[in-house]
Amino acid sequence: MYKVLIVLHEGDDYIRMNKVYIESMPVAGQYIIHTDGLAYYVEEVTTFVGYVSSKGAIAIVVVHPAPKDAEVNKLYGVDIERDLDDPEYNKK
C-alpha cells in the first residue's frame, strides 16, 4: 500500500484534496475514481526521493475532473460503500 496526497488542479489553482492509501501507483493519463465517487484524470505523479515524512506520504498525485463526456463517467450508479468496499477490511 502506498500513501499519497491527492491534489486537484482546476484552472490555475492547486487544491489539496486528501491523503489516501492506494494499492498501485497511478500513472499520468489514467483515470481514477476517488472516494467522492467522481472520476478524475491523473495529470502528474510526483514521488518523493530521499525524503522521510512523519505523515507517511510518498507521492503527490495531481488530478483534474474527468470531462463529463468521458467513458469513465458511464459508471453511474456505483455506490462506493456498497459496491467497492471490502467488508473484511472494514472490520479491522
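All residue numbers refer to position in the chain's written sequence, counted from 1. Only residues with pLDDT of 70 or above have their local features reported here, since the model is predicted, and side-chain atom pairs are shown and tallied only from 80 upward, although totals for entire chains, interfaces and linings are computed over all residues. By convention in this description, side-chain values take in all heavy atoms of the structure and omit both hydrogens and water.

(A) Representation of the environment of Tyr31. Runs of H or I in DSSP of at least four residues are treated as helices and runs of E of at least two as strands, each being numbered from the N terminus. In this fold, Tyr31 is placed in strand β3 (residues 31-33). It is 9.6 Å that separates the C-alpha atoms of Tyr31 and His64, two residues lying 33 residues apart in sequence. Tyr31 has contacts with Tyr40, Tyr41, Ala66, Pro67, Ala70 and Val72, leaving out every residue within four places of it along the chain. Whether two residues are in contact is decided by their heavy atoms, any of which lying within 4.5 Å being enough.

(B) The arrangement of the pairing of strand β1 (residues 2-10) in detail. Pairs of strands are assigned from DSSP output, requiring at least two bridges between the strands. When β1 meets strand β2 (residues 13-22), the two strands line up antiparallel, connected through nine bridges. Among the inter-strand pairings, Glu10 is bridged to a residue of β2, identified as Asp13. Taking the residues between adjacent antiparallel strands as the criterion, β1 and β2 are bridged by two residues, where Gly11 takes a positive phi near 65 degrees. In this sheet, strand β5 (residues 59-65) lies alongside β1 in parallel orientation, the contact comprising five bridges. Note on β5: the bridge partner recorded for Leu8 is Val63.

(C) Fine view of the sheet that holds strand β4 (residues 39-47). An order of β2-β1-β5-β4-β3 is seen for the five strands of this open sheet, with the pairing classed as mixed. Looking at the sheet topology across the chains shown, the edges are occupied by β2 and β3. Pairs of neighbouring strands in the sheet enclose a mean axial angle of 40 degrees, with direction left out of account. Angles here are taken between N-to-C directions and fall from 0 to 180 degrees, while the axes themselves are lines fitted to C-alpha atoms, restricted in helices to the stretch in contact.

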